[in-house]
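Breakdown of the fold
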Amino acid sequence: MKEIIKMMSRPMNWLEKMRKKKKASLRHFIGLGLVFCWLAGLAWWPTLAKAAETEPVIAIKGARLVTVTGSDIPQGTILIKGKYIVDIGPSVTIPPEAKVIEAQGLVAYPGMIDGLTYLGLQEISMVRATVDMRETGNINPQVRADEALRPDSVHIPITRANGTTCALVAPTGGLISGMSALIKLDGWTPEELVIKVPVAMHIQFPMMRGRYRRSSRSVSGSKRIKELKKLFNEARYYEKRRLAAQKNLLLPYPDFDEKLEALLPVVHGQLPVMISVYAEKDIKEVIKFVQEEKLKAILYGVHDGWKVADEIARAGLPVILDSLYNQPSRWEDGYDALYRNPAALVKAGVKIAFSSQSASLAKDLPWHAAKAVAFGLDQKEALKAVTINPAEIFGLGDQMGSLDKGKLANIVLTDGDLLEIRRHVKHLFIEGKEIDLSNYYTDLLHKFEKRLKEK
Amino acid sequence: MKWRKFVGLILAMVWLGLSPLGAGQDLFIKNGTLLTITQGIIHGGDILIIDGKIKEIGQNLTPPKGIRVIDATGKYVMPGIIDSHTHVALSGTNEASVAISSEVRMKDVINPEDPAIFTALTGGVTMVHTMHGSANPIGGENVVLKMKWGKSSEEMYVPYAYRTLKFALGENPKRANMMGFSAQPRYPQTRMGVIAIIRREFAKARSYMREWERYNQLKKNKKLVSFILPPRRNLRLEPLVLMLQGKMVARCHTYQADETLEFIKLSKEFGFKIGAFEHAWEAYKIVKELAAEKIGISVFADNWAYKMEAYQGIAYMAGFCAKHGVLVSINSDSGERIRRLFNDAAKTMRYGDLSEDEALKLITINPAIQLGVQKRVGSLEVGKDADIAIFNKHPLSAYTRCEMTIIEGEVYFDRAKYLEEQQKKAAAKKPHKKGGQK
Amino acid sequence: MRVIRNYLVFLLVIGFFVSSLPAEKVKPTYAVVGCRIHPVTGPVIENGTIIIRNGKIETLGPAAKVNIPEDAEVIEAQGLEAYPGLIDAYSQYFLETKSPSGSTAQRRPPFSAPAEERSWDKTNFLVLDNLKFKKTTLSSLHKAGITTILVTPPQQIFAGVSTLLNLNGEKFPPMVLNDKVFLHLYFTTSRGGYPSSLMGTVALFRQSFPDAQHYALQKKTFLRFPAKVSRPEYDAFLERLLPYVVEKKPVVFDCANMQDIKRAINLIEEFKLNGFIAGANEAWRVIDWVKRAKNPLLVTVDFKPPLGSRYAILGEELKKKAEKEIYPRNPAELQKNGLTFALVSGKISNPKEFIKKVTQAVEAGLPADKALQALTIVPARLLQVDSYLGSLEPGKIANVILTKGQLLTKGCQVTRVFVDGLSFEVQAPAAKGAQAPSVNLSGKWKVTVVSQMVTMEMTMDLTQEGSSLTGRLTSEMGNWEISEGTLSGDKLTLVIAANVMGQDMELTFEGQATKDKITGSISFMGGSAEMTATRIPDKS
């Protein structure tokens, strides 16, 4: 810096000297100034030009637009600038510099949002070295799923190639598993992937293992609530003691307790809890608990939701359903109890979202939603449950989850119904960037297609 | 007086013969979209079923008087789905205490009360190949069953299928993923040990066969008969002898392409037949060899990455192999996935670009051919068993559900009836619910 | 001379009183008068008399026609019913080792043991060598009217050989009617070895039977042509299996569910065994199969639907209905289809419960007379003791029970039991549901025992858990274990394994207990003694 100033001051000093010598006048100052500006401009022009370039414009033209929040547009255009959708409608003016993607015959949807996955936390489930979503011990509020995230997991490109653009990545196990993060399925480093962290604190109630063999005793559900209440109280008092010590130097300052520290946002009602709860009795007790403790909460799993749908609706709690590949545990509930569950919840006015609850099968998200439609869920509700609903539940409803002006350009273009199995994803955009749809599957496929060509 | 009883008996028999659900095996399916598999699609099609067999298929058929009519208007009618790799309806899956357990038979441990049978029916599955597990290099004899929920195990048993013996290669038989090893690990612990132990057993079987041949020869000599002892019957080697004689085929669980090829080599060494490879997640790497040897595979649509050897299993595989001359069937190997085999078949249209016809074959005629039952089931054809599944939407749509499953003309799953029963149960419970019952 | 003779007679008489070995006692003669007799193999006799002499039924008939002998002790039995002593032909009373708990299904494939180890071979297990006498069991059996029991070995694939006992006392050798009755087989698995699964067990059976046949053939051929045939290697298991496979001695398959019944029938037919089906509470579901059984069935009255049965899995309501209504109809169904069966206790270890369940089967439709036959003559026949047991006939062994009220009806009480002609008075049944103990008697006690012959001082150590007690009596004569004890309210019962003058005997104490004092009497063969105990306070 000093050098530059020195360098700059030399001509000024010479000019000053000249002025003193009555050899230069104001005109010379101005002239020098202009020359200087011109030189600067030469230096900085490329940078400025680039700045303009960082906001590329893409126009997706002629597709059927399923906005989710509004009615479908049979043929329309989406205009993307930078990361955002800047315009959308049946007739949109496309600026000349826009890259146009001809999308006649295709359907555009908002990119799907998966309510709970283990993407990046698990590569091969039986190889423990690759599994990082289940910490040991019962109480682990301090762990963050994004801090175990492996951005180049093969499962991420495979999943996005089926239309998912964002996913919740969550820990599991124990009573309090840790904190989850919402990621976009594109990025080189964990920081690039993470959109929001923490999203929720995860708490587990026991699931009745299925296949009609066990009776549905709510296995020590109330014991867990007691334990949670105790912990939350401990956290509150931990904070109170700290505050007191801050005010009064004579009082001992409590040691840092990572677990209680992590619970503070929860007890203050700032960080929501996502409680995995399944049995009817447990659900009722959890609702009571959440209201008593004044927590922000999201329910997960909720197999017996259809039995207590009204109560869940009254409590205003959203539900993220677990994988519809799980089976009902009581014969009496009927073989399709879990399939019918989403429709029953929606009918009672509960906001639902779907989740794949997987890493290697996260791509199946839309097909869980379709299965619920097969058993009574309204088609539009099913679509909402994989787009705008999870966005809103995770507090990002103003940024994603629908095709709307001002939202992030997370868009998937398919040659058919997004929730159908027999269709293909043709284009995928995450935050305005078109994503290469090749993945581990296609790599291996091409490799061995080559073998066939050899003789 | 006696004649009255006699007449009564005849009338009763006649009535039973004509009565709908239960005793009757006559059925008339009306006005559905028939996905015959082997003879195209018939819109507005009818199927006449007499005595459990498809008697006629066509349009605008006239049903005989008194027959139960199932209105399939707006619905899709396909052959009952065949799941060629499961472990349902068995009391026990593995005899894992020893590496070679070819003496065990799934036929001895059929469990007709397994609720998974009902689960299968709700997924349109009418027949399964239920097998020994993959804990052993040589497992045991498998069995083919029809999912006749509520009937006896004998009525479920399918005697005309190929006799199959379960083999397993790779991580499972070498116990790679067992938590908690005991002090004495079981041989074999490597892939080469697995191949070696199978080779050893076939060699033993050859010797055993030879022992019997020599005994039979000696028996012919009257002078020696009295003191010639027959060999001790060895039930462990006898199924392998049957394989050497071509009377039983191998169904081999395999993952990596290399071990698959090794097993093919073994089969040539001893001259036995391979019915199909199970799972075979790397089959796409060796389509050349599989097509040349005409060996089929029975695989998942996309259930992968649960163990190391399943890590290179790509969802494109089933479609890719099917397109390159390999006979492919899709299986569930699970009491849960068995209810969505039609969804799995649809996945080959998304990954693999199979047509609707090709995709449907993977769960109907292809597994039938692999099990040797294609003359009786696997398609809607006159003369075949009336094993039928009816869906409310096209079976390959993600929005479909199975409405009715029929085996030999008898309705074993009826969703409408099921919903009625559920409603009745709910109505009966309502007054109690207020009392705070669970 | 006379003096010497009298003196000798006196000594002899004393000797008789002092020595109390029942085996050498002359059995008393009894005349049971005025009861309704149910012979089972003949018509009911309304007002009848039974003469028991020398352990046998000497005569029985209408009271008017039967003379009461002079030496007979008359037992007035007006208003009572007389039946043959009941036979429980498949039980595990008195068995020392408990059968392993848990289902036959294995959870994790064990592969620790080398495959050749034969942990499943218990063909050398003889029930008679593994029995432990318990007075309370004997009393409860008598109270239930059961006089003969077949005790079977604990669950194992080749489980062992059963023993038939006539419950005539407190020692096993005199009870034995047949020490080796059946070889018992179970469709279970061998823990920690081969076979670890049901399919493996079936394969094991299918291999073992031809192996035994081959072994027999080998032995026979070797003996005929020792020069030409190699000497067969001794195999202990096959040796023990031979009589059942070659000579067709009877085997019993325990069938927990209907598929087990089919498996057993298949094995019996394939290897031409002399096989019996036991358990079989699902026999009603496979009538066609059980009809193929050539031998009578041993049907348990345990009405719980088997694990894995649709009645157990498909909902709680159905499960309750199955146990209360559906399975109790099993015996009635079998009877309707013309099948012959004995009713057995199986896993029911409480004789009172056993009889209650049989009563339930009668209420569910089994004719009472068939039920009675299933507890008397049918088991006698299949146990091959029907020439001397199983009915009330002259010449048969005097196993007779006297009841107030008809057998197999609610409220029926057994008042007296004769086994082998010996009379056992049956105590009034304890109040329904023993009362909770009123005090805790744990601690040290100072005991005084006063009998006709001696007065003894002892110390007693008691430990009480709930209402059962154990402990020890210490005295000059040694340490005696209190093997059993019950405190019901303030009524105390103790069973003491004593050793008097080199004789092992079981003494029973009955009395009242308070916090610090116990009073009552000890009874033993030939007499009784008064016992008082006062608590020794804790010094600490």
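Residues numbered from 1 in each chain as written. Chains lettered and ligands numbered in written order. Predicted model: local features only at pLDDT ≥ 70, side-chain atom pairs only at ≥ 80, totals over all residues. Heavy atoms only, no water.

**Concerning the sheet that holds strand β6 (residues 81–86) of chain B**
Residue and element names in this part refer to chain B. Strand order in the open sheet made by the three strands is β6-β7-β9, with mixed pairing throughout. At either end of the open sheet lies a strand with only one pairing partner, and these are β6 and β9 (143–146). Neighbour to neighbour, the strand axes of the sheet diverge by 20° on average, direction disregarded. (Pairing = 2+ DSSP bridges. Helix = DSSP H or I, 4+ residues; strand = E, 2+ residues; numbered from the N terminus. Axes fitted to C-alpha atoms, helices over the stretch in contact; angles between N-to-C directions.)

**Describing the interface of chain A and chain B**
At the junction of the two partners, chain A supplies 57 residues and chain B supplies 56 residues. Carbon and sulfur atoms make up 57% of the surface buried where chain A meets chain B, a total of about 5000 Å² over both sides. If you sort the residues of chain A by the area they bury against chain B, Y335(A), R422(A) and Y441(A) come out on top, with a joint share of 15%. Scanning the region where chain A abuts chain B turns up five salt bridges. The partner of R415(B) in a salt bridge is D336(A), with the nearest N and O atoms 2.5 Å apart. In this structure, the connection of chain A to chain B is made through 32 residue pairs in polar contact (both at pLDDT 80 or more). Secondary structure elements with two or more residues in the side of chain A that touches chain B: α3 (155–160), α9 (337–347), α10 (365–374) and α13 (440–453) of chain A. It is α13(A) that provides the largest number of residues to the side of chain A that touches chain B, a total of nine residues. Taken together, the residues of the side of chain A that touches chain B break down into 28 nonpolar, 10 polar and 19 charged. (Contact = heavy atoms within 4.5 Å. Buried area = accessible area lost by both parts, 1.4 Å probe. Salt bridge = Lys/Arg side-chain N within 4 Å of Asp/Glu carboxyl O. Polar contact = N/O pair within 3.5 Å; in protein donor to acceptor, adjacent residues only side chain to side chain. Nonpolar A, V, L, I, M, F, W, Y, C, P; charged D, E, K, R; others polar.)

**A word on helix α2 (residues 135–143) of chain C**
Residue and element names in this part refer to chain C. For α2, the set of buried residues is T137, L138, L141 and H142. Considered in projection along α2, the buried side chains sweep an arc of 130° and stay on one side of the axis. Where α2 is buried, its residues touch β7 (146–151), α10 (351–363), β17 (413–419) and β18 (422–425). Once α2 finishes, G145 follows within two positions and takes phi at roughly 85°, a positive value. (Buried < 20%, exposed > 50% of the residue type's maximum accessible area, 1.4 Å probe, protein only. Arc of directions from axis to C-beta.)

**Remarks on the pattern of salt bridges**
Residue and element names in this part refer to chain A. Applying the stated criterion across every chain, the model contains 79 salt bridges over all chains. The salt bridge partner of R242 is E261, with a shortest N-O separation of 2.8 Å. Pair noted here: R242 is in helix α5 (residues 221–247) and E261 is in helix α6 (residues 258–267), with a separation of 19 residues, a long-range link. Residue classification places E261 among the partly exposed positions, given a relative accessible area of 22%.

**Brief notes about the domain arrangement of chain A**
All names here are of chain A. We note that the domain assignment places domain 1 (1–49), domain 2 (55–111 + 402–455) and domain 3 (112–400) within chain A. Domain 2 and domain 3 are separated by 29 Å when their C-alpha centres are compared. Counting from both sides, the interface comprises 30 residues of domain 2 and, opposite them, 29 residues of domain 3. For the pair domain 2 and domain 3, the summed buried surface comes to about 2500 Å²; carbon and sulfur atoms form 66% of the total. Summed over the shared surface of domain 2 and domain 3, the result is two salt bridges. Scanning the region where domain 2 abuts domain 3 turns up seven residue pairs in polar contact (both at pLDDT 80 or more). If you list the elements that add at least two residues to the side of domain 2 that touches domain 3, you get β5 (107–110), β17 (425–430) and α13. Here the element with the most residues in the side of domain 2 that touches domain 3 is β17; it accounts for four residues. (Domains from an automatic or database assignment.)

**Digging into the sheet that holds strand β9 (residues 181–184) of chain A**
All names here are of chain A. Pairing within the open sheet is mixed, and its four strands lie in the order β6-β7-β9-β10. Each edge of the open sheet is held by one strand with a lone partner, namely β6 (112–117) and β10 (194–196). The average undirected angle you get between the axes of adjacent strands in this sheet is 30°. One ladder, built from four bridges, connects strand β7 (residues 164–169) with β9; its direction is antiparallel. Bridge assignment links L168 to a residue of β9, and that residue is L182.

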